[in-house]
Each structure stands twice: as C-alpha cells, then as structure tokens.
Amino acid sequence: MSGSTAKEVQLWDGQTGFINPQDEVILVLDFGSQTAQLIARRVREQNVFCQLVRHDLPVERIKELNPKGLILSGGPSSVYGEGAPHPDPAIFDLDIPILGICYGMQLICQATGCEVSPGDSREFGRTECNVSPNADLFDTMPEQITAWMSHGDQVKNASETFETLAASETCPHAAVKHKSRPFFGLQFHPEVTHTQQGGQLLANFVRKICGCEGTWKISSLIEREVELIKQKVGNDRVICGLSGGVDSAVVAALLYKAIGDQLSCIFVNNGLLRAGEAEEVEREFTQHFKTDLHVVDARSRFLDELAGVIDPQEKRKIIGRVFIEVFQKEAESIEDAKFLAQGTLYPDVIESGANLDGPAATIKSHHNVGGLPEKLGFQLIEPLRDLFKDEVRRMGLELGLPETIVWRHPFPGPGLAVRCLGEITEERLVTLRQADTIVIEELRKADLYRSIQQAFAVLLPIQSVGVMGDGRTYEDVIAVRAVSTDDFMTADWYPLPTEVLQRISTRIINSVRGVNRVVYDVSSKPPSTIEWE
Ligand code: XMP
C-alpha cells in the first residue's frame, strides 16, 4: 500500500487508521460490545479486511472507505434508554448490507419502525434455535443450532417489516431479514465460540450477502501498520523492548520494516530465561533484522536481588522493579528516543478493562511493563492492539520471523523465577533449564508442541528419597506441566501419552544432575493456575 492511496479514517477519538482502497472492507460499528473485536477477527478469518470504528462515524467518512457491508455490534445500552448510542441515521440509506447483532439488531429494527421493549425475561447463555435452511445467512448450516444469547430487550412487532430466519422458544425473532432492504439482525452472538457455526454464519454474511471474494491477506495489514508507524514516528527514534516472546518480536520486526535504523531494541538478560533464548533473540535481531540491539547482561544483578527470597509475590515485585531500573538506564543512553513500542494484544486491552467504559470510549493504554512509558516520558506505540494471538503469529511468519519464535509457548515476565520454587540460585536455575529443555524437546519429537498451548518444567522446593545403583539418594523433584487452553484464563491439563511421559521422566532422571523424581501436574485452571507461583 502506498501512502498516497491509503484512506485515512478516524477510528476513535484522536486515533486514525488507514484502509487500503484495494481491500474489500467490512466495518464494525462499535456500540460498546466486549466482543466487537472478535467480530472483526471472525471476518478477517474470511480474508476480508475488517475494521472497528466509532459507532457514530459520519456516513461521509464511511462512504470514503467504500465498505461492502456494515456490522452493528452489540452493546450494554437499551435503544430506548436516555443517551443510548446511535449510528449516523444515513447509514440506512447507503444501500449496502447491514447486519445488526443484539443491540445492533435492535437499532436496525427501531430505525425501520419496529418497537423495541424489555423482553418478558432476560436471556443469557446457550439457547437452541431453529433456523430457516433456505436463508443465505444460514447456508450450509444445520436446521437447529445452539446460539449464545445475551440480551434483555426484544423486538415486538418485527413480523410486519422483517422475515423471521431463526427462532428459539423464548425469542421468536432470533434472526431476521428485512422484507425489502439488505438488513439482517441477530438476537444472538455469532462471534463467540459458544454459538455453533457462528463463524460460518458471519462467513455467509460476508461472502454471500456482501459479495466479498476474500482476497485480503495479512500482508495488507502489515502494510497498513507500517504506514501508520511511519506517519506517527516521522524522523524520531523508537525503542522496542524484546522479551524473547512472539509479541515483542513481531512488534520489532514490524518497526524494522517501517523505520529501519530509527529503531533501537533493548533486550534485558535477567538470567531467568529458557535455554538458548537470549542467543536466539540476539541472532535474529542482529543478523536477520539488523537492528541497533542493546543486550543488557543483568544476570548477576537479578540473582543478587533475588538471593534468599522465596515468597512468590516478593519475587515478582523485585523482578518488576529491577527490570524497570535496568531498562530505564539503557533507554536513557539511547539519544533522541521519543517512542516506546509494546506488544499489547487485544486480549490484554480487554483484560485490563480498558474497553468496558461504554461505546466510543477512547481505549486506554495497557502497559505490559507497568507504567514505563510515562515514567520515561515516552509516547507509546502499540501496533498489535487490535489483533489476536493467531493473527500476530501469521504476521510474524509473513515478516520473516522463524517458526521457533513465532510458535514459542508463552513465557511469564518473571521467567524461570516463578518456576523455581523456593530459593533462586544459579545452580537451581541450571537444573530447571536442563529439565525444561528435555520437556520441550520431547514434545517437539512427539509432534505435540503445537497442540499444547503451554508446557514447562517446575523445580520443586523439596527433596525426596530415591535409589540409584546401590545407593540411597535424597534429591530434587521436577514437576512437568502441560496445558491446553483457548485464552489462558481457563485451562485443562493435557493428557500426555504415557510413552512421552516415560521418555521425559527417564531423560530428566538420567541426565539432569541432582534430580531423582519427576511428577506430572494433573490440575486444571481454575482452581489451580497455569504457573506454580
Ligand atoms: P496463570 O499462572 O495466572 O498464567 O494461570 C496465565 C498465563 O499468564 C502467564 N503469566 C504471566 N505473564 N507476567 C507475564 O507476562 C507474569 O507475571 C505472568 N504470570 C503468569 C502464564 O505463563 C500463562 O501463560
């Protein structure tokens, strides 16, 4: 995308974006729904560009973006409530398909003369819906689907204006289609996984009803972000902290593409990294991406500060504080830096509660590194804040990052410190690193690494009795943890095949000095957490 052809659009208060005019575009008008970004992501899965915009974006701006369709999101308000957010009424004269979801459906119905009022009962959770199999919206879907409802209001006299496409026992107009205009409404949420084949429903809207062909690629998003970064940064310098994880690596690769040698990366080696991690980051960001990389070897500083500390919260506090001190010192040595880039993803934004203030709230900043940007007087750049992890991974591969970084399991900021229960010493970290390497190697060999979202070894703060040769041993215990999860908020322990557990156990006990026992963690989250500390 060249800067001259990209269309600039005001997305939120004070925040602009660019849309490539060659792209097929669907706009999601955000009425304050927690799942609005999820709608956008489902549409992007159809290779159609989808952008969230203010709910009241003027129709003139909408026209400039030439969308193939609009989706009105859900929201916490009632359409008849005082101060309820409304779109520019002229959107209903655009003559493009409009899909309203929950609150969005009620807006469409209200705008076309129907009566919306509180339902007899509020409806939350899974509901069985019978759907009209001949409707384009439900093409290739079963006649009965489980749908996720979350609403209190209902449309009363919809049948005068709308054809009913789906109904549940309590919701006679669960899905509707205007009798003469391209307006559709859903009383349920197709974007959440609880709705069976919800992705197919959105695909039908985008492909069959809006006529999109699905030609958009993740590279288009990269070009858009590159354009935005260039515009924001100008001739100034940007600092990007690398952590070894995929998010910061993608941010750095993106910035490198956008501004090349105006980028300086800082990588703090805190001595709490996994085996080979520091070397890989260094190799990648000096040899492949030739960035101005500042590696700060702070291993002994961290270890000194952590000496004798066993309380998990205390460990975290120390690591957070020392990290900021070390990072700050290095950042100050980089002259002319005006911006700090962070790999905040959309789930981080939601988790921090930033998007829950109602419609058109300017999304507030979420800081991965605890208020660092303000403290250092930097402006923040967060190019991944609209994206989900899988999209970030696709972006990383497209930018040329190696699979080992792109598919690496997440790793907590405090690193091995929260997996080294009890006191943290260099010797204990070596033991843990060796065991962890074996766990990961065996999962890769068994082709399980990508099916498991997170796996690692934990060094327990106890010894147990064993026997080796003719002698009694009294040595460390390693716990192995492997979980499957969609969002890391809940997780199930992963049922590793016995042979894999056997190989992991044998290798650890045979080759990691000082370990005579391996146990497998069979707890789910909740009530356990993924990490042990
Ligand atoms: P828990 O242990 O809370 O972990 O179930 C959920 C996910 O978050 C990661 N995690 C952290 N990540 N800083 C981070 O950046 C932290 O302090 C931290 N604690 C846990 C954890 O690895 C898992 O993916």
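All values reported here derive from a predicted model rather than from experimental measurement.

(A) Just the overall build of the protein, in detail. In terms of regular secondary structure, the protein is built from 15 helices and 20 strands. Taking 2.2 N^0.38 as the reference for a compact globule, 533 residues should give roughly 24 Å; the C-alpha atoms of the protein span a radius of gyration of 26 Å, in line with that estimate. Here the C-alpha coordinates of the protein stretch approximately 85 × 55 × 40 Å along the principal axes. For the protein, with 533 residues in total, the buried portion stands at 56%.

(B) How the structure looks around the sheet that holds strand S15 (residues 337-341). Strand order in this open sheet of 5 strands is S14-S13-S12-S15-S16, and the pairing throughout is parallel. In this open sheet, the two strands that pair with only one neighbour each are strand S14 (292-297) and strand S16 (379-381). Neighbouring strand axes in the sheet, compared pairwise and without regard to direction, differ in orientation by 30° on average. Here 4 bridges tie strand S12 (residues 237-242) to S15, and the two strands are oriented parallel to one another. In the sheet register, Arg237 faces S15, and the bridge partner there is Ala337. Relative to the sheet, helix H7 (residues 277-288) contacts S12, strand S13 (263-269) and S14, its axis offset from that of S14 by approximately 160°.

(C) Region of the structure containing the environment of Phe323. Structurally, the position occupied by Phe323 is in helix H9 (residues 312-332). Counting along the chain gives 184 residues from Phe323 to Asp139, while the straight-line C-alpha distance between them is 53 Å.

(D) Here's a closer look at the state of the cysteines. The full count for this structure, using the stated rule, is 0 disulfides. Note on Cys102: no disulfide assigned, nearest cysteine sulfur contributed by Cys171 at a separation of 8.7 Å. With no disulfide of its own, Cys265 lies closest to Cys240 among cysteine sulfurs, the gap being 4.9 Å. For Cys265, a relative accessible area of 0% puts it in the buried group.

(E) Seen up close, the environment of Gly245. With respect to the helices and strands, Gly245 occurs in the loop between S12 and helix H6 (246-259). For Gly245, a relative accessible area of 21% translates into the label partly exposed. A C-alpha to C-alpha distance of 9.2 Å links Gly245 and Trp407, two positions 162 residues apart in sequence.

(F) Expanded view of the pairing of strand S6 (residues 98-101). Here S6 shows a buried face lined by Ile98 and Gly100 and a second buried face lined by Leu99 and Ile101. Here S6 runs beside strand S11 (residues 183-186); their pairing, made up of 4 bridges, is parallel. Pairing of Gly100 across the sheet is with Gly185, part of S11.

(G) Quick peek at the packing of aromatic side chains. Following the criterion strictly, the structure yields 8 aromatic pairs and no others. Measuring from ring centre to ring centre gives 6.3 Å for Phe184 and Phe205, while their planes differ by 75°; the resulting arrangement is edge-to-face. Of this pair, Phe184 sits in strand S11 while Phe205 sits in helix H4 (residues 198-209), and the two are 21 residues apart along the sequence. The same class applies to Phe184 and to Phe205, which are both buried. Considering the side-chain rings of Trp493 and Tyr520, the 6.3 Å spacing of their centres and the 80° angle between planes classify their relative orientation as edge-to-face. Of the two residues, Trp493 sits in strand S19 (residues 492-493) while Tyr520 sits in strand S20 (residues 515-520), which places them 27 residues apart along the sequence. Note on Trp493: relative accessible area 33%, which makes it partly exposed. One aromatic cluster is present, formed by Tyr256, Phe285 and Phe289 through successive ring pairs. If you follow Arg41 out to its NZ or CZ, it ends over the ring of Phe388, 4.6 Å from the centre. We note Arg450 situated over the ring of Trp407; from NZ or CZ to the ring centre the distance is 3.7 Å.

(H) Fine view of the domain arrangement of the protein. We note that the domain assignment places domain 1 (10-209), domain 2 (218-406) and domain 3 (419-520) within the protein. Between the C-alpha centres of domain 2 and domain 3 there is a distance of 29 Å. Contacts between the two partners involve 14 residues from domain 2, matched on the other side by 12 residues from domain 3. Where domain 2 meets domain 3, there are 1 salt bridge. Among the salt bridges present, the one from Glu403 reaches Arg450, with a minimum N-O distance of 3.6 Å.

(I) Looking closely at the nonpolar core. Ile91 and Met395 are the most contacted members of the largest nonpolar core, which has 123 residues in total. In terms of residue count, the dominant contributor to this core is H6 (10 residues). In this structure Met395 touches Ile218, Leu221, Ile222, Glu225, Val250, Leu254, Leu384 and Leu387, once residues within four positions along its chain are discounted. Ile26, Ile71, Ala135 and Ile145 belong to the second largest nonpolar core, which has 37 residues in total.

(J) Summary view of the site of the ligand. Taken together, Arg316, Pro412, Gly413, Pro414, Gln454, Phe488, Lys525, Thr529, Ile530 and Glu531 make up the full set of residues adjacent to the ligand. Here an oxygen atom of the ligand sits 2.7 Å away from a polar atom, N or O, in the side chain of Gln454. When the ligand is considered free in solution it has 490 Å² of accessible area, and contact with the protein chains removes 68% of it. Broken down by class, the residue content of the shell around the ligand amounts to 4 nonpolar, 3 polar and 3 charged.

(K) Local environment of H7. The end-to-end C-alpha distance of H7, which contains 12 residues, comes to 16 Å, matching closely the 16 Å that a straight helix rising 1.5 Å per residue would cover. Of all the residues in H7, the buried ones are Glu277, Ala278, Glu280, Val281, Glu284 and Phe285. Looking at the buried residues of H7, the elements they touch are S12, H6, S13, S14 and helix H13 (403-406).

(L) View of helix H15 (residues 498-511). With 14 residues, H15 extends 20 Å from end C-alpha to end C-alpha; this agrees with the ideal 20 Å at 1.5 Å per step. When H15 is considered as a whole, its buried residues turn out to be Val500, Ile504 and Ile508. Buried residues of H15, viewed axially, fall in a sector of 55°; they line one side. Relative to its buried face, H15 has exposed residues pointing more than 90 degrees away, namely Thr498, Gln502 and Asn510. Where the residues of H15 are buried, they touch helix H14 (426-445), strand S18 (471-484) and S20.

About the cut-offs
Residues numbered from 1 in each chain as written. Predicted model: local features only at pLDDT ≥ 70, side-chain atom pairs only at ≥ 80, totals over all residues. Heavy atoms only, no water. Helix = DSSP H or I, 4+ residues; strand = E, 2+ residues; numbered from the N terminus. Rg over C-alpha atoms; globule rule 2.2 N^0.38 Å. Buried < 20%, exposed > 50% of the residue type's maximum accessible area, 1.4 Å probe, protein only. Pairing = 2+ DSSP bridges. Axes fitted to C-alpha atoms, helices over the stretch in contact; angles between N-to-C directions. Contact = heavy atoms within 4.5 Å. Disulfide = S-S within 2.5 Å. Phe/Tyr/Trp six-rings, centres within 6.5 Å; stacked < 30°, edge-to-face > 60°. Lys NZ or Arg CZ within 6 Å of the ring centre and 35° of its normal. Domains from an automatic or database assignment. Salt bridge = Lys/Arg side-chain N within 4 Å of Asp/Glu carboxyl O. Core = buried A, V, L, I, M, F, W, Y, C linked by side-chain atoms within 4.5 Å. Near = heavy atom within 4 Å. Polar contact = N/O pair within 3.5 Å; in protein donor to acceptor, adjacent residues only side chain to side chain. Areas by Shrake-Rupley, 256 points an atom, 1.4 Å probe, with all protein chains shown as cover. Nonpolar A, V, L, I, M, F, W, Y, C, P; charged D, E, K, R; others polar. Expected span 1.5 Å × (residues − 1). Arc of directions from axis to C-beta.

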